[in-house]
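Observations on the model geometry
One-letter residues, chain by chain:
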Amino acid sequence: MKRREFLAAPVLSLAAPALSGIEPRLRALAPDEPGTIRVTAQQRLHQDFVTYVPGIEYFMLGNGEIQAMVQHVPDRSGNLPQTFIGLTIFDPERFARKWSTFLFDPERGLGLTKLAVIFPGKRGIAVTPENFTSIQWTYPDGIPTVECAWQAGEIAVTERLFVPSAGASLFRDVRLENRGGTTLAPKLYAALLPNFALFDEIGPDAATRTVRAGGFAEATLQSLDGATEVSGRYDMTVTPGPIPPGGSARVRLVYSIGSIGPAARGGTPMDGAAFDRLVAATARWWEARSSVRTENELVDRLLGVSRTGLRAHIARSGKRDSGTWMYNMEWVRDDVMVTIALLQSGMEDLARTLLAKLLAKSVGDDGRTYESSRWAGFDYTELDQNGELLYALWTYAAWTGDMAFIRDHWERVVRLAEFPLQERFRDAGCGLMHNKREYWERNDSFGVQDGYELTYQFWVAFGLEHAAALADALGGKEGGAWRDAARAIRNTMLTDPKFSLLEEGHFIKRRTRTGEWQRFMIPPDPSRMPPGSPMATNPKPLCEPDLGNVIPVMYGFVEPSGEIARRTLADCDTLWSQAWDFGGYPRYNTTSEPDPPAPWPLATLFMARAYAETGDWKKFWRCLEWVGKIHGGKSGGWFERYGPSITPPAPPVCVIGWAWAEITSLVVHHLAGVRPGLDALTLRPRLPEGMDRLAATLRVRGVPVTLSVARTKGAPSARVNGTSVQPVAGAIEVPYGSFVPGGATIEMEVA
């Protein structure tokens, strides 16, 4: 193509939208009429910008200073399949869309992030579906690593991608193994083709043998091994040396971002010794975190990817996108889920950072919490978030013993506790809180009547109970009033003849202010609902059952073996695979869904936690197996929902952190049964059918607590630091004062 022709194509394609208004006039012109314009090409963003295609997996890495995503698209059936194996990096302090990440190219997508093996006189070989072997998580020295294996002729290629525990770098450790019969001399090609929307100063640095990009951000690619050449604008070629038959060579590539280390202009590139020190420090960091092993492949795999994801998606400042490449916003309730899971994972420093951010940024001067990075009006405030954050603060104090943090933020805690009890929310008659928005964020435009939402009542009562305990521990005067309010809300929820949130022996979602059970969610103007959605087409959309109804069961608000728990789960179980054939639970009865019916991993994990609490192991395994098998289950890159969307087609759906948090709580809180309190550690492990042992090392009060649990046919028993303790109802309490300097060693046998 001649230069002027190359330039003409994008110019005309960019002009096409502007010309659309005169398109009929252009078509009316005769072919030889003066002024005829022929638009021969149309610009199209590379299909990699789409976040969701069938079967896609996203492997996320991160350490607070850098985030990376490895994309795997096994389904090649579409007209324009996405990059089979691709890579991008981004800054966790700046929320992004997929197309605004650092390695997304508008024409090639993530295509040039693939490596290529070059043999003398031949074209380079990159990974393809035909030469691909596997991609999976591995944990060498405990470090979460994405391992991708493929074949380049007689060279077996194994890429291992991971991040250090600190520093804005991603490591791509490549092993080239000669499986042929002769000595080979391959070269490894890599490119740094950065996003042109962010970078405009791009090119090789011959002095440091790196490729650098500068602009709104900075990025660098370097190799630590072999003879490295940089050329052109983006290109790096590494010659590791001849590889004899059966031998191997190693090439370590380093991607760095920001203005520190090798990414700084004029900065010093990393060397092999620094790499080794970082790897050793990273192994020590992960070794010091909590761990649980169950000898069940599914449970251990899901917990592994969840620990990795929890660390990966949080910025150093505590910022976390509630949906990576999707929402670009934050919610208190989402951060609370993650905070509790961080504590359960032994990442208490991150939990503290997240809580400090929440109290400083997400709680207003009046105690109102924000959601979707904004403040809602009083009618639409998500009142559950106040109780959830109170519970998270209590949980932090229980796991860490850091009452100084609570004391330093006590004024904020008081505002948080008092906010839902204002007269504008709390009815004097029944003592419940009302508004016009429900837990899943539909409001009166969807048919939500002013009334009392179960989850709001539960979380406020539950949060106040735990806030009262904090007040008592600090010698505050507020504990009595909060405890009284919590007790009153609980009593109304469970026993009031008119306003209890029970019907037919099970929890219900909502009552109106007159006490009527709101069973239908009828929008005042169905024509304003998304066209074709169940909410727009059903004359009486049902809002029951609702999976929020099982949350009180998950947290033991009612007796797990009691009739309320049993009936509530039976009611909600009717939603399994409600309007599709591949399993999973939706958030609520999909006849009132503003999108096409689809299952949600979050809702399915709510049910798994409730089934674990009540001991229904058949249903528990059904939930967990579904989460593990649905795409995203291999990488841990679960989506919000698994179905088409109407509302709207953009923003895109992508990876959600909820599943990581809920899986962690499922294993630590319900299976291992590790439940710290303010004065003692409660342990109530439960082994599901098919699981005979569990071993855990968890950080509690800054020291390791080692727990081993085994199934017995005899009577349950326990030993704490070698001393026998008799379990009561399957649980023991270990006062923190009984911890030895090295922590505590606990052995339990359960039926």
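In this report, we go over the structure that sits alongside the text. (Residues numbered from 1 in each chain as written. Predicted model: local features only at pLDDT ≥ 70, side-chain atom pairs only at ≥ 80, totals over all residues. Heavy atoms only, no water.)

1. Brief notes about the packing of aromatic side chains
Which entries qualify depends on this criterion: Here a pair means two rings of Phe, Tyr or Trp (six-membered ring of Trp) with centres within 6.5 Å. Their orientation is stacked below 30 degrees between planes, edge-to-face above 60, and tilted elsewhere. The numbering of helices and of strands both runs from the N terminus, where a helix is a DSSP run of H or I of at least 4 residues and a strand a run of E of at least 2. When a residue's accessible area, from a 1.4 Å probe over protein chains only, is under 20% of the maximum for its type it is buried; when over 50% it is exposed; and in between it is partly exposed.
Throughout the structure, instances matching the rule amount to 41 aromatic pairs. For the ring pair Phe-458 and Tyr-555, a centre distance of 6.1 Å and an interplane angle of 35° mean the geometry is tilted. In this pair, Phe-458 is assigned in helix 10 (residues 454-474) and Tyr-555 in the loop between helix 13 (551-554) and helix 14 (563-573), connecting sequence segments 97 residues apart. With a relative accessible area of 0%, Phe-458 lands in the buried category.

2. Quick look at the pairing of strand 7 (residues 145-152)
Let me state the cut-off plainly: For two strands to be treated as a pair, DSSP must find no fewer than two bridges joining them.
Within strand 7, seven of the eight residues are buried, leaving the element largely enclosed by the surrounding structure. For strand 6 (residues 132-138) and strand 7, the ladder comprises six bridges, and the chain directions are antiparallel. Paired with Ser-134 across the two strands is Ala-149, which belongs to strand 7. The loop that links strand 6 with its antiparallel partner strand 7 comprises six residues; one of these, Asp-141, has a positive phi angle of about 55°. Counting the residues that bridge the hairpin from strand 7 to strand 8 (residues 155-162) gives two residues, and of these Gly-153 lies at a positive phi of roughly 65°.

3. Focus: the sheet that holds strand 12 (residues 210-215)
The condition that has to hold: In this analysis an axis means a line fitted to C-alpha atoms, helices contributing only their contacting stretch, and an angle means the value between N-to-C directions, from 0 to 180 degrees.
Spatial strand order, 6-7-8-9-16-13-12-11: eight strands in an open sheet with antiparallel pairing. The open sheet is flanked by strand 6 and strand 11 (199-205), the only strands paired with a single partner. This sheet shows a mean twist of 15° between the axes of neighbouring strands, independent of strand direction.

4. Brief notes about unusual backbone geometry
Residue Pro-545 is bonded to the preceding Glu-544 through a cis peptide linkage, with omega at -5°. Position of Pro-545 relative to the elements: it lies in the loop between helix 12 (534-537) and helix 13. The phi dihedral of Asp-141 is positive, around 55°, even though this residue is not glycine. Its identity is not glycine, yet Glu-504 carries a phi of approximately 55°, on the positive side.

5. A short note on helix 14
What counts, and what does not: Note on contacts: a residue pair is in contact if any heavy atoms of the two residues lie within 4.5 Å.
Taken together, the buried positions of helix 14 are Ala-565, Thr-568, Leu-569, Asp-571, Cys-572 and Asp-573. Where helix 14 is buried, its residues touch strand 20 (506-507), helix 13, helix 15 (601-614) and helix 16 (617-629).

6. Here's the deal with the packing of helix 5 (residues 332-344) against helix 6 (residues 348-362)
Short version of the rule: With respect to orientation, any angle under 35 degrees is reported as roughly parallel, any angle over 145 as roughly antiparallel, any angle of 65 to 115 as roughly perpendicular, and every other angle as oblique. By definition, turning the near helix anticlockwise from the far helix through less than a right angle yields a left-handed crossing, and turning it clockwise yields a right-handed one.
Viewed as axis vectors pointing N to C, helix 5 and helix 6 meet at an angle of 160°, and their least axial separation amounts to 8 Å. The orientation of helix 5 with respect to helix 6, classified from their angle, is roughly antiparallel. Crossing angle aside, the handedness with which helix 5 passes helix 6 is left-handed. Listed contacts from helix 6 to Val-332, Asp-335, Val-338, Thr-339, Leu-342 and Leu-343 of helix 5 are Glu-348, Leu-350, Ala-351, Leu-354, Leu-355, Lys-357, Leu-358 and Ser-362.

7. Some details on the sheet that holds strand 17 (residues 291-293)
Two orientations exist for strands paired in a sheet by backbone hydrogen bonds: parallel and antiparallel. Strand order in this open sheet of six strands is 17-24-25-29-26-27, and the pairing throughout is mixed. Strands at the two margins of the open sheet, each flanked by one partner only, are strand 17 and strand 27 (723-725). Looking at each pair of strands side by side, their axes are set apart by 15° on average, direction ignored. Bridge analysis of strand 24 (residues 693-700) against strand 25 (residues 703-711) gives eight bridges, and the strand direction is antiparallel. When the bridges of strand 25 are listed, Thr-697 appears paired with Thr-706.

8. What to know about the nonpolar core
For clarity, the threshold we go by: To qualify as a nonpolar core, a set must consist of buried Ala, Val, Leu, Ile, Met, Phe, Trp, Tyr and Cys residues joined through side-chain atoms within 4.5 Å.
Grouped together as the largest cluster of nonpolar side chains are 224 residues, with contacts concentrated most on Leu-170, Tyr-255, Leu-389, Phe-620, Trp-638, Leu-707 and Ile-746. Here the element with the most residues in this core is helix 10; it accounts for 12 residues. Not counting residues up to four positions away in its chain, the partners in contact with Leu-170 are Leu-61, Ile-66, Ala-68, Leu-87, Ile-89, Leu-161, Phe-162, Val-163, Leu-253, Val-254 and Tyr-255. Counting residues in hydrophobic clusters, the runner-up holds six residues, among them Val-448, Met-521, Met-529 and Cys-543.

9. A few points about the packing of helix 10 against helix 11 (residues 479-495)
Here helix 10 crosses helix 11 at 155°, and the two axes come no closer than 8 Å. Compared by their axis directions, helix 10 and helix 11 come out roughly antiparallel. The element helix 10 and its partner helix 11 pack so that their crossing is left-handed. Within the contact between the two elements, helix 10 uses Leu-454, Gln-457, Phe-458, Val-460, Ala-461, Leu-464, Glu-465, Ala-467, Ala-468, Ala-469, Ala-471 and Asp-472 and helix 11 uses Gly-479, Trp-482, Arg-483, Ala-485, Ala-486, Ile-489, Arg-490 and Met-493.

10. Points about helix 16
Applicable threshold: Between the first and last residue of a helix there are one fewer steps than residues, each counted as 1.5 Å, and that sum is the expected span.
Its 13 residues give helix 16 an end-to-end C-alpha distance of 18 Å, which sits within 8% of 18 Å, the value for a rise of 1.5 Å per residue. Trp-617, Phe-620, Trp-621, Cys-623, Leu-624, Trp-626, Val-627 and Gly-628 are the residues of helix 16 that are buried. Looking at the buried residues of helix 16, the elements they touch are helix 4 (297-312), helix 15 and helix 17 (658-671).

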